[in-house]
Each structure stands twice: as structure tokens, then as C-alpha cells.
Amino acid sequence: MQRPPMEDFSLKETKPHLGGGKVTGDKLTSTYDLVEQMQYLYVRVVKAKDLPAKDVTGSCDPYAEVKLGNYKGTTRHFEKKSNPEWNQVFAFSKDRLQASMLEVTVKDKDVVKDDFIGRVWFDLNEVPKRVPPDSPLAPQWYRLEDRHGNKVKGELMLAVWMGTQADEAFPEAWHSDAAAVSGADGLANIRSKVYLSPKLWYLRVNVIEAQDLMPGDKTRFPEVFVRAILGNQALRTRISMSKSINPMWNEDLMFVAAEPFEEPLILSVEDRVAPNKEEVLGRCAIPLQYVDRRLDHKPINSRWYNLEKHIIVDGEKKKEIKFASRLHMRVCLEGGYHVLDESTHYSSDLRPTAKQLWKSSIGVLELGILNAQGLSPMKTKDGRATTDAYCVAKYGQKWVRTRTIIDSFTPKWNEQYTWEVFDPCTVITIGVYDNCHLHGGGDKNGGAKDSRIGKVRIRLSTLETDRVYTHSYPLLVLGPNGVKKMGEIHLAVRFTCSSLLNMMHMYSQPLLPKMHYIHPLTVTQLDSLRHQATQIVSMRLSRAEPPLRKEVVEYMLDVGSHMWSMRRSKANFFRIMGVLSGLIAVGKWFDQICNWKNPITTVLIHILFLILVLYPELILPTIFLYLFLIGVWYYRWRPRHPPHMDTRLSCADNVHPDELDEEFDTFPTSRQNDMVRMRYDRLRSIAGRIQTVVGDLATQGERLQSLLSWRDPRATALFVIFCLVAAIVLYVTPFQVVALLAGFYVLRHPRFRHKLPSVPLNFFRRLPARTDCML
């Protein structure tokens, strides 16, 4: 495979003219100061009155047609109504204006040919300009004219003005660049929208015991377990070891539930009467609206639930009234956890579910989605290649979707969005897609899916505050044929901090809410719960109008990123080698010292060693002072731009075709030989776990490297200051005292230990790693 030139995959800094202001880091005041200003001609067609009838029936089916050069937009039409109300807005891009006159025509809908009723003309040189926050322009009545300029019966109310994309009418307006899209569904699919993820809870079901069960076969010991179902999630307890009619379990089952709660929790007590046959001994349904909500680790009161048993009588399911069996449980919605629906490496939100536990925001993230360049053709329409591109950005619970630019390889969006920031160690994800649901087809387009064009991730902690970053990011997609550049997206990003002290304090706090450390969930539980959370989010967002489709949500949330990949495993191995290369270099240097390769350096090391042995109190101050000087020295080479997808780091630029075939193979594998399939899937499963562990090791090492790299400027500043203070304190403090205090602290009694991680550990876990740059 031919290796593409690396400069094609590089990040490029740009200097666009944003909002009429500078981009040198000065904070601008305009609402749309992170995007280039776009001029539009707006036409608001409100209503008409006293329209004459044009057909033989004496009725009028009117609609309005707005025409500017070759662009033409129409309102919906009303049947048999001489005083219609449309209240529709049309927007024509100033860059594509092809005429000096605007024509608004009122017509009567007919079977063969629509009848002309009247029209209104406007000279574009006379159109007023409007700049928000000015109030909207008031519409006026205009008398209709015939084709010869004579006044006719009927009047039309409308407003015409020149504005920008900051206008309130922009999101819902009909756009001239979407003139080829037909139908209400098609138009809805091209407009910009904001979506909110559903509020997710962990549901904990602690199954304690059951009483007075009545198995059908009383001659055997029952093998009883409890099955719990919530929506499409189903879990079961182990079979009770006390094989009696009063079994005990004391087992926790965890689910993901989303507000509003639409489905009840259904529990059934079942007896395994045969290897593949279970008998239901009773069941109960619990509406989640009435379940207790827990905000901390304090246990809630348990409750007894009556079990109902259903029997089939004459083909109908009926309730059997008997002496009630009961089930003893604790059921609660956990508000102290953060429900993970993203990979922990790319989380955009780390707050607990319960709003009462949220802390105040520390700043604002602003994103300007400017344009894209050189997009690849994604489909064929009317015999020619084309792309209908739109962007989706996700941060926290808020998803945004730009409007779709029809038939363009260089789309210009120039849309700006804002998010509240509660933690700087979070990541915003921006994806670019090709819209395959236009022209009124909706979901009937033969099951078409919106194609992915590429994705960008930006970690907020790598951004300097109050600085505008304007870069063109490569859009890279890895497929069975290798990595391919699909184009470039031009973004403007600014992170504004409201309180520097609060943000610095965040570096001492645990990354996740306290409940994750007091009552931690297992890795297996977290994997299963994250899968359920992503399914719920994709299902809820796909039910919005217009829908944010499942393939879009899953690509943004990195569903399937845990699957085995030889390429990704090699990349993680090379990351570890990159981290260890520093230690290897020190070992080689020390070996050279021992072998007197440079006699002068060796003599100096001997003198330094002699001084440190005679004065051991200088060891730690020297180390911290050395780290301080290194950190200050590296400040000159601190990163000047956010991280981006790195093909070399991901081993995507020279991957073997056979490895790609393995990575994009189905799971289970599609190979025919059963034995090969069993061994192959087992290998992939085990290797997937090894891959995760290796990646985590690499992450820890890269966090150590980032202490002095200024990748996170605030964290490095804190560490450098700490090193200086530590050097001074350790200089004036006797070494024996420091050693005794450190030893006693490490060996302290468990009653003096806290379950939450220490401040240094919290600080370390918040340091950035190169996971953000991994494809």
C-alpha cells in the first residue's frame, strides 16, 4: 500500500477574519465572533388578503413564490382560502445573488397550470439592513400588481431585509442553497438543531430474599433465581444456595434508566425445573417514578413486594389469586454516580446524575464551525458525484447539528455554539457526515445511513484560556483499504474561564463523583452499563424531529472501540516504548558514565555523588530544582495548537492489509472453519483485554511526561510551582525528618485512611495523555 505524504494529515493554523474582528487571542464581544460573517437576504411572507378566485369553481388555492434570479422558493398552499396565513421565511445567500430585483408572486394552485394572481417587486439596493439585537423588522402590506405593473385586487404582507446568520430567523428559514430539497421531511433534515441527551440514572436492584414460594412440583428442592427486566435490559441472579421455598440471594443487579421513565421494572421469581425450562413462581412490576433516589452511600430501607402469578384460562392470561408470595428487595435510583455513555478517555461530562450534587461551572466553551475544504464525494446523484455535508458536535448533554449544505465539496456553515464547562479535563467531539435522507425520503431511503466523513476531538485542558484557536483539522477515516483523508474542517475554539482559582482547585478533586470510589462498580459492570447507556441515548435521539440517527450517535460515542485490533495494539505498544525511551536513554547515559566514555563528565558525576553522600539533605532539593529548571526550559517548546488525529501514532499510515482485514472483520468472525472461528474469537477477546491494559499503562506514562510538557498549561504551572516550593522547603528541613514523616504517612493505620483518592493522585489522573490523538 502506498503511504500518503504526512503533510496531508497535519494540523494547519489559519487566520480567518472572524466576525469582523481579530483572532490574536483578544476576546471579542459579538455573539458570532468565532465565525466569518455571512450576509443573507431575508424575505418573511406573512399572509395575504382579498385574493380573487381564478378557477371555474370560484375558489382560490393560493401560495406565494419568492424568486431571485435562478433561485425560487414556495410557501405551502391553502385550499379554498382567500385570506391565507403562511408566516414563512426565505433566506438567499448574498454570495449567490444573481439578480438586482426580488420578485414575490402569489399564485393559485391548479391541476394543469397554476394561475397568476399578482406580484410585488423589490429593488435590492433599497432593502434595509438589520443587525441583532435590533428588533425584528415589522412586515407591511403591499398591493399586488399584474405583469404590466397595474394594481390588482389583493394585498400581501411581508418584510424584506439584509441580515447575517446571527438573525433569529436563520435556523428555521428556507435557504437558497437547499432549493433542490423537496418535502417537509427533507427540509427538516437540513436545518440546524440542538439536542439534549436524556437524563440517565443507574438503577440498583438489591435482591435479598423471597418468602412462601409455591413451586409446581413439591417433590423436589426448588432451584430458584430472580430475573429482572427493564426495557431491553435483562439480568438474573444466581440460583439460590438455600434450596427451599424461602430462598436468599443478597445480590445486586444494575441497570441504566432514562428520564422520562417509560417502562416499569419487571421482576419474576423462576424455578429451573429442567436444564432449559423454567417455571415462573410469581412476578411484580415496579414503576420507576415511585422508586427511592439515593444521593450518597447511605443504605435505603428495604421493602417487601407481593408477587402475582398468571395462569392461562381459555387462551387468556388471568391473575391467579392465592396466598401471596413475597420478594424482599432494595430498589433505588443512584444519583451519586455519573452514568458513563462515553469512553472514559474522551468523556465530555463527569458530573453525577443528581443535579443537587453539581458544582458551579468554571467557564464557557465556544465553538465556531466555519467550513470544510476538499471533501470526498460520498454518493452519486443524477449521474454525478456529490456530498451533502453537515456537522455534529457533542459536549456534555448538549448535542448540536449544523444545517446541511447541499451538493458542495467546500461547505460553509459559519455557525457558533456555546457550552457551560464544569471540568477542564473533558473532551469535545466534532463529527462530519454526509446526509442521505433528503428529498422527502426520510427513513424510506432504502435504509440508507448517513456516511461518516471524519471526526475531531479537542481536550479542553490543552487550551489556554481566553485564546481563540483557529485551525484546519484533517478528517481521517480508517477503512478496510487503509486510512483515507476525507477533507479538512476549519474550526475556531475558545475556552473562557470564569474563575481561575476554581479551575485550579478542580485539579485536586477526584475525576469522577465520590460514589465511584466509595462503592466502585466492576469493569465488567461498567462495560455492560456503558453499552446500555449508548443504546438508550441513540434510541432517544433517533426519536427526535429531525432525528439524530443511530449511526451518528454511535460514531460520536465511540461504540465498538473496545474490539480487538492488531493495529491499535501495536500503537499502544509503541506508546509504551515512547514513554520508556526516556528511561532507556538515562540508562545508556549512565552506562557511558560508568565506562568513562567522557572522562570530564565522569569526574563531575563522581564529585556530585560525593557531595550528595556527604550531604544527603541536598538530594531531594536538587531533584526538584532540576525538574523546575527543565519545566521552565521546555516552556519555549510548549504546544501551540490543540492535539489532532495522528496517523503515525495510531499506526494507520503503514498498516498491513491483512491486519485491516482482521480489524474490520465481523465479530464473530466470518471464516468458515468452526475450529478456526472458535480460536480466532477467543484470541481477539483475550487480546482486546490486553490491548486495554497496555493502553492504560501507556496513558499513565504519558501523564508523567505531560507534567513538564505544558500540554496542559495550568497543570504544568502548578507542578512547576510545587517543585520550586518543595525544593525550598526540603532545603531548610532536615532530611531525617522528611524521611520519618514520609515513612509514617505511608505506614499509617487504616482508620486514618480515606476512601477517596489523595490530592496528588487526583491531580495525576487529570493530566492529559495522547489518547486524544488516537484514531
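Here we summarise the structure given alongside this text. (Residues numbered from 1 in each chain as written. Predicted model: local features only at pLDDT ≥ 70, side-chain atom pairs only at ≥ 80, totals over all residues. Heavy atoms only, no water.)

Here we take up the overall build of the protein chain. From N to C terminus, the protein chain includes 13 helices and 30 strands. C-alpha atoms of the protein chain, sized along the principal axes, occupy 105 × 90 × 55 Å. Here the protein chain holds 775 residues, and the buried ones make up 49% of them. For the protein chain, long-range pairs separated by at least 24 residues make up 72% of all intrachain contacts whose partners lie at least 6 apart in sequence. Taken together, the 103 basic and 86 acidic charged side chains of the protein chain have centroids lying 4 Å from each other. (Helix = DSSP H or I, 4+ residues; strand = E, 2+ residues; numbered from the N terminus. Buried < 20%, exposed > 50% of the residue type's maximum accessible area, 1.4 Å probe, protein only. Contact = heavy atoms within 4.5 Å. Lys, Arg positive; Asp, Glu negative; His and termini not counted. Charge placed at Lys NZ, Arg CZ, Asp CG, Glu CD.)

Side chains on a regular strand alternate between the two faces of the sheet. Strand 3 (residues 62-68) sits mainly inside the fold: six of its seven residues count as buried. One ladder, built from six bridges, connects strand 3 with strand 6 (residues 101-108); its direction is antiparallel. From the neighbouring strand, A64 faces strand 6, where its bridge partner is V106. Where strand 3 meets strand 4 (residues 71-74), four bridges bridge the pair, whose relative direction is antiparallel. When the sheet's bridge partners are listed, V66 is paired in strand 4 with G73. (Pairing = 2+ DSSP bridges.)

Evaluation of the coordinates by the stated rule reveals 17 aromatic pairs. Consider the rings of Y395 and W419, whose centres lie 6.4 Å apart with planes at 70°: the pair is edge-to-face. Here W419 lies in strand 26 (residues 412-421) and Y395 lies in strand 24 (residues 389-395), a separation of 24 residues in the sequence. By relative accessible area, which is 4% here, Y395 ends up buried. If you follow K398 out to its NZ or CZ, it ends over the ring of W419, 5.5 Å from the centre. (Phe/Tyr/Trp six-rings, centres within 6.5 Å; stacked < 30°, edge-to-face > 60°. Lys NZ or Arg CZ within 6 Å of the ring centre and 35° of its normal.)

The strand order 1-29-30-21-26 describes an open sheet built from five strands, whose pairing is antiparallel. Lying at the two open borders of the sheet, with one neighbouring strand each, are strand 1 (12-13) and strand 26. Direction of pairing for strand 1 relative to strand 29 (residues 468-479): antiparallel, over a ladder of two bridges. Bridging across to strand 29, K12 finds its partner in S472.

Between its first and last C-alpha atoms helix 4 (residues 523-542) spans 28 Å; for 20 residues at 1.5 Å apiece the expected length is 28 Å, and the two agree. Residues of helix 4 that are buried include every one of L529, R530, Q532, A533, T534, Q535, I536, V537, S538, R540 and L541, and no others. (Expected span 1.5 Å × (residues − 1).)

Turning our eyes to something else, we now look at the side chain of S325. By secondary structure assignment, the location of S325 is in strand 20 (residues 316-334). Separated by 2.5 Å, the side chain of S325 and the backbone oxygen of D212 make a polar contact. Setting aside residues no more than four positions away along its own chain, S325 makes contact with Q211, D212, L213, M214, Y305, N306 and L307. (Polar contact = N/O pair within 3.5 Å; in protein donor to acceptor, adjacent residues only side chain to side chain.)

Attention shifts here to the sheet that holds strand 28 (residues 451-459). The sheet built from five strands is open, its strands ordered 11-25-24-27-28 with antiparallel pairing. Of all strands in the sheet, those bounded by a partner on one side alone are strand 11 (193-196) and strand 28. Across this sheet, the average inter-strand angle for adjacent strands is 20°, counted without regard to direction. Two strands pair when backbone bridges link them, and strand 24 and strand 27 (residues 427-434) are joined in this way by six bridges, in the antiparallel orientation. Residue pairing across strands places V392 opposite G431, the latter belonging to strand 27. (Axes fitted to C-alpha atoms, helices over the stretch in contact; angles between N-to-C directions.)

Looking at the element boundaries, P62 is found in strand 3. Note: C-alpha distance between P62 and F78 (16 residues apart in sequence) is 5.7 Å. With sequence-adjacent residues up to four places away left out, P62 is seen in contact with L51, R76, H77, F78, K81, P84, W86, K107 and D108.

L367, W419, I428, I458, I489 and L491 are the most contacted members of the largest nonpolar core, which has 37 residues in total. Those elements that provide at least two residues to this core are strand 21 (363-373), strand 24, strand 26, strand 27, strand 28, strand 29, strand 30 (482-497) and helix 2 (500-506). Per-element accounting of this core gives the leading share, six residues, to strand 30. If near-sequence neighbours (up to four positions away) are discounted, L491 is found in contact with L367, G368, I369, L370, I430, V456, I458, Y469, T470, H471 and Y473. Judged by nonpolar contacts, the second largest core, of 33 residues, contains V66, F92, L144 and V160. (Core = buried A, V, L, I, M, F, W, Y, C linked by side-chain atoms within 4.5 Å.)

Let us look at the packing of helix 8 (residues 619-634) against helix 11 (residues 713-732). Two numbers describe how helix 8 lies on helix 11: the axes approach to 8 Å, and their chain directions differ by 155°. When the axes of helix 8 and helix 11 are compared, the pair comes out roughly antiparallel. Helix-helix and strand crossings are classified by hand; for helix 8 and helix 11 the assignment is left-handed. Listed contacts from helix 11 to L620, P621, F624, L625, L627, F628, G631 and V632 of helix 8 are V720, F722, C723, L724, A726, A727, L730 and Y731. Looking at the contact of helix 8 with helix 11, its residues break down into 15 nonpolar, one polar and no charged. (Parallel < 35°, antiparallel > 145°, perpendicular 65-115°, else oblique. Left-handed = near helix turned anticlockwise from the far one by under 90°. Nonpolar A, V, L, I, M, F, W, Y, C, P; charged D, E, K, R; others polar.)

What follows is about the pairing of strand 17 (residues 277-286). Sheet topology note: the strand 16 (residues 265-274)/strand 17 ladder contains nine bridges and is antiparallel. Counterpart to D271 in the pairing with strand 17 is E279. Two successive antiparallel strands, strand 16 and strand 17, enclose a turn made up of two residues.

Counted under the stated rule, the structure contains 37 salt bridges. With its nearest N and O atoms 2.9 Å apart, the salt bridge here joins E223 to R272. With E223 in the loop between strand 12 (200-211) and strand 13 (224-230) and R272 in strand 16, this residue pair connects regions lying 49 residues apart in the sequence. R272 gets classed as partly exposed once you look at its relative accessible area, which sits at 32%. Here R351 makes a salt bridge to D349, at a shortest N to O gap of 2.9 Å. Grouping residues by exposure puts R351 and D349 together as buried. (Salt bridge = Lys/Arg side-chain N within 4 Å of Asp/Glu carboxyl O.)

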